[in-house]
Amino acid sequence: MSAIGMDLNRFILEEERKYPKATGSLTIALTAITSAAKIIAAHVRMAGLADVLGATGLTNVQGEEVQKLDELSNRILVQHLSDSGQFYALASEEMEEPLYPEKGKNGKYVIAFDPLDGSSNIDVNVSIGTIFSIHKKVSGTIDDFLQEGEKQVAAGYIIYGSSTVLVYSTGNGVNGFTLDPSVGLFLLSHPDMNIPGRGKIYSINEGYYKRWDDSLRSKVDSFKERGYSLRYIGSMVSDVHRTLIKGGIFAYPADSKSPSGKLRLLYEASPMAYLVEHAGGKASNGVTDILKVKPEKLHQRVPVFLGSREDIEEMINHND
Ligand code: AHG
Ligand code: MN
Ligand code: MN
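Q: Outline the coordination of the manganese ion (ligand 2), listing residues and values.
A: The expected angle between donors at a tetrahedral four-coordinate metal is 109.5 degrees. At an octahedral six-coordinate metal it is 90 or 180 degrees. Protein coordination at the manganese ion (ligand 2) comes from Asp114 (OD), Asp117 (OD) and Glu268 (OE), with a distance range of 1.8 to 2.2 Å. Mapped onto the sequence, the residues coordinating the manganese ion (ligand 2) show the spacing D-x2-D-x150-E. Separating the manganese ion (ligand 2) from the manganese ion (ligand 3) is a gap of 3.7 Å, bridged by Asp114, which donates to each. Of this pair, Asp114 sits in strand E2 (residues 109–117) while Glu268 sits in helix H7 (residues 265–278); the two residues are 154 residues apart in sequence, bridging distant segments of the chain.

Right, dumping it as structure tokens:
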């Protein structure tokens, strides 16, 4: 296991050295993500100040409109990922169609991302995040994005919380790095993350109880009867981060209003499922493992049940 405090760049390089055939392109790709994340983190820290500073004339000297944070985050990611030259195509929750960067013509990868997850929490100062999912380019068409989650080569998220933490996996364990703002480096803080086999928390928007089917209601009731605590932040990144560390269940199910749930397969469910499974947990859509679902379209939604293996097996009706 790597030493606590190791700088993320060195960690990525040491991971790469384990694969003699590696060309270094995934390393450059991941570095582009971490650079974008640091810049987004700096903007998140200033959230709410844009108008205040604008009113004092301290910002917007060029008379620029203050941008919404999710649009700004999208722009920052697009710029860094495109400039890296490693991505043949980019798909974002904030963009209708994929983008094919000029510099990425020879790129080996495609990336799907949610630039700012939990955006309804921005105005109330609650943790938000960025989620990403990387696949190999196989055909140079839209099908590159429609590969199963189990074929991801890397996935991760950045949580802009009381500190900024980046959690990622390339299929060989899950590791978390905390940004030291004084030096601008991500340092290894959560080596080899493993979800407890069972937790004590369930996390679901229980306000929708009336929209659920009977089976889901009775499953949630049974966790309550056994004294599980309810925690629901409403930012998937934050709810999943807690679940990775403390265990338990995070769910965004289908209901009578949203028959496929709300969360997006490519930008949210699939990368989080990859991390959870590589940390020893389980992620399902209620019928099958999320990583086995073959996407049919870019912005497809999917029900999500993920977390501690035993809790999830109890919650759903399949054990494959
Ligand atoms: P986004 O801000 O990227 O649109 O995602 C919001 C999502 C997700 O972060 C969270 O789990 C979910 O919305 C919460 O939805 P409800 O308010 O319906 O519970
Ligand atoms: Mn989201
Ligand atoms: Mn979003």
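Q: Describe the environment of Glu206, listing the residues and the values that go with them.
A: Looking at where Glu206 falls in the secondary structure, it is placed in the loop between strand E8 (201–203) and helix H5 (214–225). For Glu206, a relative accessible area of 18% translates into the label buried. Each C-alpha atom, one on Glu206 and one on Glu313, is 20 Å from the other, the two residues being 107 residues apart in sequence. Excluding anything up to four places from it in sequence, Glu206 contacts Trp212, Val220, Lys224 and Leu230.

Q: I'd like a description of the site of ligand 1, backed by residues and values.
A: In the vicinity of ligand 1 there are 16 residues, among which Asp117, Asn205, Tyr208, Tyr232 and Tyr252 approach most closely. Glu93 places a side-chain nitrogen or oxygen 3.3 Å from an oxygen atom of ligand 1. Here ligand 1 loses 83% of its free accessible area of 480 Å² to cover by the protein chains. The greatest single-element share of the shell around ligand 1, amounting to three residues, is contributed by E2. The residue inventory of the shell around ligand 1, partitioned by class, reads six nonpolar, five polar and five charged. Two domains each put at least three residues into the shell around ligand 1: domain 1 (8–190) and domain 2 (201–315).

Q: Would you mind going over the packing of aromatic side chains in detail, with residue names and values included?
A: The description of two aromatic rings rests on the distance between their centres and on the angle between their planes. Enumeration according to the criterion identifies seven aromatic pairs in this entry. Between Tyr88 and Tyr100, the ring centres sit 5.8 Å apart and the planes meet at 75°, which makes this aromatic pair edge-to-face. Remark: Tyr100 occurs in the loop between strand E1 (87–92) and E2 and Tyr88 occurs in strand E1; sequence separation between them is 12 residues. When its relative accessible area of 43% is taken as the criterion, Tyr100 is described as partly exposed. For Lys137, the ring lying beneath its charged end belongs to Tyr88, and the centroid distance is 4.2 Å.

Q: Talk me through the sheet that holds strand E10 (residues 249–252); I want residue IDs and the actual numbers.
A: Across the sheet, which stays open at both edges, the five strands sit in the order E9-E8-E10-E12-E11 with mixed pairing between neighbours. Each end of this open sheet is capped by a strand with a single partner; those strands are strand E9 (229–230) and strand E11 (282–284). By the bridge criterion, two bridges tie E8 to E10 in an arrangement that is parallel. Bridged to Ser203 within E10 is Phe250.

Q: Run through the coordination of the manganese ion (ligand 3), naming residues and quoting values.
A: Those protein atoms acting as donors to the manganese ion (ligand 3) are Glu93 (OE), Asp114 (OD) and Leu116 (O), and they sit at 2.3 to 2.4 Å. Within one chain, the residues donating to the manganese ion (ligand 3) are spaced in sequence as E-x20-D-x1-L. Relative accessible area serves as the criterion here: at 22%, Glu93 is assigned to the partly exposed category. The exposure class of Leu116 is buried, given its relative accessible area of 1%.

Q: Explain the pairing of strand E5 (residues 164–169) to me, using residue names and the numbers behind them.
A: For a regular strand, the rule is simple: side chains alternate between the two faces of the sheet. Burial analysis of E5 places six of its six residues in the buried class, the great majority of the element. Burial along E5 is two-sided: the face carrying Thr164, Leu166 and Tyr168 and the face carrying Val165, Val167 and Ser169 are both buried. Pairing between strand E4 (residues 154–160) and E5: six bridges, direction antiparallel. From the neighbouring strand, Ile159 faces E5, where its bridge partner is Val165. Inspection of the sheet shows E5 paired to strand E6 (residues 175–180) by four bridges, in the antiparallel sense. Bridge pairing in E6 places Leu166 opposite Phe177.

Q: Which residues make up the environment of Thr288, and what values go with them?
A: Residue position: Thr288 is located in the loop between E11 and strand E12 (304–307). We classify Thr288 as partly exposed; its relative accessible area is 23%. C-alpha of Thr288 to C-alpha of Ile316: the two residues are 28 residues apart in sequence and 9.2 Å apart in space.

Q: Help me get a handle on the pattern of salt bridges, residues and values and all.
A: Within the structure shown, the criterion is met by 17 salt bridges. Across the pair Lys18 and Glu15 runs a salt bridge, and its minimum N-O distance is 2.8 Å. Given the relative accessible area of 52%, Lys18 is considered exposed. Residue Glu15 is classed as buried on the basis of its relative accessible area of 11%. For Glu206, the salt bridge goes to Lys224, with nearest N and O atoms at 2.6 Å. Linking Glu206 in the loop between E8 and H5 with Lys224 in helix H5, this pair joins segments that are 18 residues apart in sequence. Residues participating in the shared-partner salt-bridge network are Arg198, Arg226, Glu310, Asp311 and Glu314.

Procedures and definitions
Residues numbered from 1 in each chain as written. Chains lettered and ligands numbered in written order. Predicted model: local features only at pLDDT ≥ 70, side-chain atom pairs only at ≥ 80, totals over all residues. Heavy atoms only, no water. Donors = N, O, S within 2.8 Å, 3.2 Å for Na, K, Ca; no water. Helix = DSSP H or I, 4+ residues; strand = E, 2+ residues; numbered from the N terminus. Buried < 20%, exposed > 50% of the residue type's maximum accessible area, 1.4 Å probe, protein only. Contact = heavy atoms within 4.5 Å. Near = heavy atom within 4 Å. Polar contact = N/O pair within 3.5 Å; in protein donor to acceptor, adjacent residues only side chain to side chain. Areas by Shrake-Rupley, 256 points an atom, 1.4 Å probe, with all protein chains shown as cover. Nonpolar A, V, L, I, M, F, W, Y, C, P; charged D, E, K, R; others polar. Domains from an automatic or database assignment. Phe/Tyr/Trp six-rings, centres within 6.5 Å; stacked < 30°, edge-to-face > 60°. Lys NZ or Arg CZ within 6 Å of the ring centre and 35° of its normal. Pairing = 2+ DSSP bridges. Salt bridge = Lys/Arg side-chain N within 4 Å of Asp/Glu carboxyl O.

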